[in-house]
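Okay, here's what each chain looks like letter by letter:
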Amino acid sequence: MHTGPRANYARPLLERAYDNPAARDLRRRQRLYQELAVRGGVTFVILVFQIVFPIEPEAIARRIALIALCGLFLNWPYYLAARSGRGYRAQAYARMLADILLMSLGLYVAGGLAAAQYLGVYLIVTIYAGITFSSRACLMATAAATASYGAILLLQHAGILSAPFDLPNAATIAAFNLVILNIAGALTAILARALRDSRRRLRATAQELERFVEAIPDVIYVLDRAGRLSLWNQKLESVTGRGAEDLKGKPLIDLLAEDDRDAFRAALASGLEDKPFEVASRLGGADGALTAYQWTGAALTDEHGQVSGLTGVGRDVTERQRAEEVLRQRESEMRQLQKIEAIGRLAGGVAHDFNNVLTVVIGRCQLLLARYQPEDPVYQDLDQIESTAQRAASLTRQLLAFSRNQASAQQPLDLNTTVASVSDMLGRLIGENIRLAVTLDPTLDLVMADPGQIEQVIVNFAVNARDAMPDGGRLSIATRNITLNAEFVSVHPGAIAGPHVLLEVRDTGLGMHEATRQRAFEPFFTTKAPGKGCGLGLSTVYGIIKQHGGCIAVESAPGRGAAFSVYLPRIEAAIEAPRVDAGRGPFPGGEETILIAEDEEAVRGLVCEILRRLGYRVLVAGDGVEALALSQRFPDRIHLLLTDVIMPGMDGRELAERMLAARPDTRTLFMSGYAEPPIPDDVLLQKPVTPDALARKVAEVLRQPPPHRRHAVGAGPALAD
């Protein structure tokens with residue numbers, strides 16, 4: 001055996017031995033040994049044949065034996081010459097021709113033409129040359145044998161060589177044997193060529209199979225019935241860090257984690273019962289680390305249909321498991337978002353109904369307060385009722401913020417300015433035992449946001465951080481530009497890839513468990529003691545950020561504090577100077593005709609009473625259908641349609657569109673505490689409605705440009721310039 005780098009390699013079918021010089025030298029020496037063994041065997045057969053069937057006369061027998069022994073003696077110089085490795089093919093042809101000459105000499109000694117019946121001895125060389133070397137060598141040997149024997153016959157016919165004796169019909173026998181010799185040589189050459197082509201194709205197929213198997217990124221393995229490795233690809237060696245000699249005959253199960261071996265052993269037993277199997281087991285690496293693999297396999301059967309071993313594939317599923325974990329996390333977040341969205345819709349609906357109640361309570365209280373003096377005891381009671389109702393209205397606004405239906409006055413905003421303006425207040429809010437650190441990016445881009453709502457977000461974060469650090473700590477606020485990529489979006493449902501501005505608020509407080517973190521943005525969920533919080537702070541933050549088209553993420557662990565990250569889309573716009581409020585004056589009034597459409601009777605009555613006190617002419621309808629019919633019957637001009645948005649039958653948007661089609665000069669004002677999609681501020685009266693807000697908003701809308709230049713928005717926000 002050769003001692004090259006791939007000696008004793010355990011993957012013979014996948015070995016690139018044909019490209020290995022040492023392997024080629026090995027095969028050549030093996031063929032030489034075979035050739036020398038055949039030559040020695042032929043000599044032995046000739047000697048035994050002479051003993052069993054004595055040749056007469058005895059002198060001829062001795063000469064034939066001497067020639068046979070001479071051929072056997074030549075094996076030694078043949079072997080020495082072949083060891084040098086020079087002219088290997090030329091040496092092989094020389095040996096072939098020498099054998100033919102010896103055989104021809106033997107035939108001459110045996111009688112020349114009289115020995116024609118022994119011409120078949122040439123087939124030994126021609127057949128061996130064809131099988132071992134090539135079809136060309138076979139034809140060459142056949143031609144040399146024919147020429148050599150023909151030369152003997154010519155020399156005998158010319159009288160140069162004498163024939164020991166004559167054989168009847170010797171010429172016919174010789175001619176016939178020569179024809180048979182050449183036919184056999186030609187057929188052997190054809191078979192040799194077919195065999196060589198078959199070997200070449202088999203070799204090419206084996207090499208292609210090897211390249212294919214080695215290119216597969218999975219482990220390919222073949223086991224015997226005992227589970228020992230008999231064939232594998234390079235992937236197994238690279239993963240385990242073991243060489244071919246180390247893996248040869250090694251049980252595959254010994255390469256796996258000990259905890260997984262029982263399951264793998266059971267899978268192999270199932271495979272030996274001719275059942276496909278699939279099992280997860282960790283494979284030990286070169287550094288001792290365990291890698292998750294999914295093993296599949298099936299039985300190998302022999303020609304009798306019996307299971308002779310197992311074969312299969314081992315696939316690294318680390319990335320798949322990581323992807324599945326990310327998917328599970330995203331599904332969990334999606335379920336949480338869906339849960340929050342459902343709660344948000346519920347909160348919006350509750351706020352809508354609650355705003356109607358508060359509209360009546362606050363409106364009636366303010367109307368009654370106008371009848372009494374501050375020193376009157378009844379005034380104090382009414383004032384307390386009105387203050388309590390205003391607190392309830394504040395809670396309603398928080399619910400609306402969570403459901404993303406709170407009124408928002410967004411404008412180009414520099415977050416640095418907002419954070420800086422609220423920092424002084426935060427210092428007083430969080431206390432002296434908590435250190436406030438503010439880090440602002442001077443190159444921060446603008447966002448489209450409501451300054452008041454962003455301040456509300458920061459304050460809510462600060463209050464939560466203060467409560468999470470009863471013994472003091474550090475509160476950090478930072479801003480910077482950031483670009484969200486597809487990877488971030490894939491694990492944060494609701495996020496949108498692209499340039500954003502990051503507002504990060506981090507504390508060193510108690511932190512949250514995973515279950516608490518998952519519910520952090522749910523309304524009315526709180527970990528604070530009773531009376532310390534209502535659970536609307538973070539839910540309000542969530543709604544505000546979503547209303548601004550951004551997203552929010554929280555990272556926290558027990559004892560490691562919490563970090564809230566707010567991502568708002570960046571914009572490119574100049575900062576406009578804020579509009580200055582002109583101040584409050586007396587309640588404005590007028591004599592215009594106003595059509596009211598409101599399905600809540602108490603609200604409808606309150607609004608009618610306020611407007612009539614202001615001098616307006618009021619038409620009243622309980623829903624959209626009734627209001628449309630009333631407008632069609634009313635002969636005079638209707639200056640303003642004051643309508644609720646959400647009503648049974650026909651909602652306020654549809655009513656406004658149909659009114660505008662019939663009365664293009666009628667202006668529209670919506671009343672709503674909950675509308676989706678949102679309605680522009682210039683045509684919206686936010687519930688709960690107060691007498692002051694109602695009077696001023698009605699007067700403002702009546703002073704707007706003629707509505708015949710305005711267009712309906714269908715499913716959009718009412719009427720817009």
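My aim in this report is to walk through the structure given alongside it, one point at a time. (Residues numbered from 1 in each chain as written. Predicted model: local features only at pLDDT ≥ 70, side-chain atom pairs only at ≥ 80, totals over all residues. Heavy atoms only, no water.)

1. Some points on the overall build of the protein
Moving on, step 1. Across its full length, the protein carries 21 helices and 19 strands.
Moving on, step 2. Residues counted as buried form 44% of the 721 residues belonging to the protein.
Moving on, step 3. The long-range fraction of contacts in the protein, counting pairs at least 24 apart against all pairs at least 6 apart in sequence, stands at 68%.
Moving on, step 4. For the protein, the accessible surface area stands at approximately 37400 Å², while carbon and sulfur atoms represent 57% of it. (Helix = DSSP H or I, 4+ residues; strand = E, 2+ residues; numbered from the N terminus. Buried < 20%, exposed > 50% of the residue type's maximum accessible area, 1.4 Å probe, protein only. Contact = heavy atoms within 4.5 Å. Areas by Shrake-Rupley, 256 points an atom, 1.4 Å probe, with all protein chains shown as cover.)

2. Some points on the pattern of salt bridges
Moving on, step 1. One pass over the full model with this rule turns up 18 salt bridges.
Moving on, step 2. For Asp-467, the salt bridge identified is with Arg-466, shortest N-O distance 3.3 Å.
Moving on, step 3. Here Asp-467 falls in the partly exposed class, since its relative accessible area comes to 32%.
Moving on, step 4. For Arg-466, a relative accessible area of 29% translates into the label partly exposed.
Moving on, step 5. Across the pair Glu-654 and Arg-658 runs a salt bridge, and its minimum N-O distance is 3.7 Å. Linking Glu-654 with Arg-658, this pair stays in helix H20 (residues 652-662), spanning 4 residues, or about one helical turn.
Moving on, step 6. A single network of salt bridges, built from pairs that share partners, joins Asp-259, Asp-260 and Arg-282. (Salt bridge = Lys/Arg side-chain N within 4 Å of Asp/Glu carboxyl O.)

3. What about a positive patch on the surface?
Moving on, step 1. Taken together, the side chains of Arg-24, Arg-28, Arg-89, Arg-136, Arg-193, Arg-196 and Arg-199 present a region of like positive charge at the surface.
Moving on, step 2. For the positive patch, the secondary structure elements donating two or more residues are helix H1 (21-52) and helix H7 (170-215).
Moving on, step 3. Among the elements that line the positive patch, the one with the most residues is H7, at 3 residues.
Moving on, step 4. Counting through the fold element by element, Arg-24 comes out in helix H1. (Patch = residues over 30% accessible without salt bridge, like charges linked within 9 Å, V, L, I, M, F, W, Y side chains within 5 Å. Lys, Arg positive; Asp, Glu negative; His and termini not counted. Charge placed at Lys NZ, Arg CZ, Asp CG, Glu CD.)

4. Observations concerning the packing of aromatic side chains
Moving on, step 1. Per the stated rule, a full pass over the model turns up 7 aromatic pairs.
Moving on, step 2. The rings of Tyr-221, Phe-264, Tyr-293 and Trp-295 are connected pair by pair, giving a single aromatic cluster. (Phe/Tyr/Trp six-rings, centres within 6.5 Å; stacked < 30°, edge-to-face > 60°.)

5. Here's the deal with the side chain of Ser-556
Moving on, step 1. One can find Ser-556 in strand E11 (residues 551-556).
Moving on, step 2. At a separation of 2.8 Å, a polar atom in the side chain of Ser-556 contacts the main-chain amide nitrogen of Met-512.
Moving on, step 3. At 2.8 Å, the side chain of Ser-556 and the backbone oxygen of Gly-561 are in polar contact.
Moving on, step 4. Beyond its immediate sequence surroundings of up to four residues, Ser-556 is in contact with Gly-511, Met-512, Arg-517, Gly-561 and Ala-562. (Polar contact = N/O pair within 3.5 Å; in protein donor to acceptor, adjacent residues only side chain to side chain.)

6. Description of the sheet that holds strand E17 (residues 684-686)
Moving on, step 1. Here we have 5 strands laid out as an open sheet, ordered E14-E13-E15-E16-E17, and parallel in their pairing. Strands at the two margins of the open sheet, each flanked by one partner only, are strand E14 (617-621) and E17. The sheet shows a mean angle of 20° between the axes of neighbouring strands, direction not considered.
Moving on, step 2. Bridge count between strand E13 (residues 593-597) and E14: 5 bridges; the pairing is parallel. (Pairing = 2+ DSSP bridges. Axes fitted to C-alpha atoms, helices over the stretch in contact; angles between N-to-C directions.)

7. Side note on a nonpolar patch on the surface
Moving on, step 1. On the surface, a cluster of nonpolar side chains totalling about 720 Å² of accessible area is made up of Phe-44, Val-45, Val-48, Phe-49, Ile-51, Val-52 and Phe-53.
Moving on, step 2. Within the element layout of this structure, Val-45 appears in helix H1.

8. Quick look at the pairing of strand E15 (residues 640-644)
Moving on, step 1. Burial runs high along E15: 5 of the 5 residues are buried.
Moving on, step 2. In terms of strand pairing, E13 meets E15 through 4 bridges, oriented parallel. In the strand pairing of E15, Ile-596 is matched with Leu-642.
Moving on, step 3. Across 5 bridges, E15 lies against strand E16 (residues 667-672) in parallel orientation. Each bridged residue has a counterpart across the sheet, and for Leu-642 the counterpart in E16 is Leu-669.

9. A closer look at the environment of Asp-218
Moving on, step 1. Assignment of secondary structure puts Asp-218 in the loop between H7 and strand E1 (219-224).
Moving on, step 2. Looking at Asp-218, the relative accessible area reads 9%, which means it is buried.
Moving on, step 3. Setting aside chain neighbours within four positions, we find Asp-218 in contact with Asn-233, Lys-235, Val-313, Gly-314, Arg-315 and Asp-316.
Moving on, step 4. Only 2.9 Å separates the side chain of Asp-218 from the side chain of Arg-315, close enough to count as a polar contact.

10. Structural notes on the sheet that holds E1
Moving on, step 1. An order of E2-E1-E5-E4-E3 is seen for the 5 strands of this open sheet, with the pairing classed as antiparallel. The open sheet has two edge strands with one neighbour each: strand E2 (229-232) and strand E3 (277-284). When the angles between neighbouring strand axes are averaged without regard to direction, this sheet yields 30°.
Moving on, step 2. Packed onto the sheet, helix H10 (residues 261-272) meets E1, E3, strand E4 (290-301) and strand E5 (307-316) and runs at close to 140° relative to E3.

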